[in-house]
Amino acid sequence: MVTKALRADARRNRDQILVAAREIFAERGADVPMEEIARRASVGVGTLYRRFVDRETLIRAVFRHTFQVVVDETRAAMAEEPTAWAALTRIMRQSAWLHVSVQAKSPRVTAVVRADAETSRIRDELLGMLDEVVRRAQEEGSLRRDVGVGDLAMLFVSVVHQTQSVIPDVAGLVPGRVLAIMMDGLRAPASGELPGRPLSRADIAFD
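Quick caveat, the model's predicted, so the values are computed rather than measured. (Residues numbered from 1 in each chain as written. Predicted model: local features only at pLDDT ≥ 70, side-chain atom pairs only at ≥ 80, totals over all residues. Heavy atoms only, no water.)

### Brief notes about the side chain of Ser-142
Item 1. Tracing the backbone through its elements, the reader meets Ser-142 in the loop between helix H8 (117-139) and helix H9 (149-161).
Item 2. Once residues lying within four places of it in the same chain are set aside, the contact partners of Ser-142 are Trp-85, Ala-137, Leu-186, Arg-187 and Ala-188. (Helix = DSSP H or I, 4+ residues; strand = E, 2+ residues; numbered from the N terminus. Contact = heavy atoms within 4.5 Å.)

### What to know about the packing of helix H4 (residues 55-80) against H8
Between two packed helices, the angle of one axis relative to the other and the distance separating the axes together describe the packing.
Item 1. Close contact between H4 and H8 brings their axes to 9 Å; oriented N to C, the two are set at 25 degrees. The pairing of H4 with H8 is recorded here as roughly parallel in orientation. Taken as a pair, H4 and H8 cross one another with a handedness that is left-handed. Judged by residue contacts, Arg-60, Phe-63, Arg-64, Phe-67, Gln-68, Val-70, Val-71, Thr-74, Arg-75 and Met-78 of H4 engage Glu-118, Thr-119, Arg-121, Ile-122, Arg-123, Glu-125, Leu-126, Met-129, Glu-132, Val-133 and Arg-136 from H8. (Axes fitted to C-alpha atoms, helices over the stretch in contact; angles between N-to-C directions. Parallel < 35°, antiparallel > 145°, perpendicular 65-115°, else oblique. Left-handed = near helix turned anticlockwise from the far one by under 90°.)

### Considering unusual backbone geometry
Item 1. Of note, the bond from Ala-188 into Pro-189 is cis; its omega dihedral lies within 30 degrees of zero at 0 degrees.
Item 2. One can find Pro-189 in the segment after helix H11 (174-186).
Item 3. In this structure, Ser-42 is a non-glycine residue whose phi angle is positive, near 60 degrees.
Item 4. Summarising the element assignment, Ser-42 is placed in the loop between helix H2 (34-41) and helix H3 (45-51).
Item 5. Since its relative accessible area comes to 64%, Ser-42 is described here as exposed. (Buried < 20%, exposed > 50% of the residue type's maximum accessible area, 1.4 Å probe, protein only.)

### Considerations on the nonpolar core
Item 1. Ile-37 and Leu-58 are the most contacted members of the largest nonpolar core, which totals 56 residues.
Item 2. Among the elements of the structure, helix H1 (2-28), H2, H4, helix H5 (84-93), helix H7 (107-114), H8, H9 and H11 are those that each provide at least two residues to this core.
Item 3. The dominant element in this core, judged by the number of residues it contributes, is H4, at ten residues.
Item 4. Once residues lying within four places of it in the same chain are set aside, the contact partners of Ile-37 are Ile-17, Ala-20, Ala-21, Ile-24, Phe-25, Val-32, Leu-48 and Leu-58. (Core = buried A, V, L, I, M, F, W, Y, C linked by side-chain atoms within 4.5 Å.)

### Brief notes about H2
Item 1. For H2, the set of buried residues is Met-34, Ile-37, Ala-38 and Ala-41. Projected down its long axis, H2 carries its buried residues within an arc of 100 degrees, all on one side.
Item 2. A positive backbone phi angle near 60 degrees is found at Ser-42, which sits one or two residues after H2. (Arc of directions from axis to C-beta.)

### Overview of the pattern of salt bridges
Item 1. Considering all chains together, one arrives at 19 salt bridges under this definition.
Item 2. One salt bridge in this structure joins Arg-40 and Glu-23, with 3.1 Å as the shortest N-O distance. In this pair, Arg-40 is assigned in helix H2 and Glu-23 in helix H1, connecting sequence segments 17 residues apart.
Item 3. Glu-125 serves as the salt-bridge partner of Arg-75, at 2.4 Å between the closest nitrogen and oxygen. (Salt bridge = Lys/Arg side-chain N within 4 Å of Asp/Glu carboxyl O.)

Rendered as structure tokens:
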């Protein structure tokens, strides 16, 4: 029982650290002092370093965790929603989870994430599922046919970035409104043709 309790405490501490780091990275970037992350997580600095031996290890863990949550939510939406359109709408609402991957960008973060094979694997799994949702929605006639998964990925980023251009008092309203407008534009039948061609997975740069 003692061993199980210790393991549970260790998992809880790790989860608290990851949540705190994700929040602070999104707010202020990934160079925040580790002591501040520990304070936000309500753990000692020693506990933080026992779980994550350096900043690079913590960055990798945060990005892995963030993408894995989106993967899990995407899988659940595909299995539980009655239509592909409903699944797509639910998935798009999860775009806020990618906040850290947009806001925390820096040369250090880019280098750490690019070099991490596990983050790349999880990200590719997510894009593969999005490809499938796009195909299903287009086959059921709910999603316009001149968009691709690359367009959706850019919309994820756009939803997040909108909050940087408004006053704090209304920032909480922006993602929902922008997402609703975007989903209306994605709905079939389309009112007009889009310029260019659908963006695919191959068109997306993650640097």
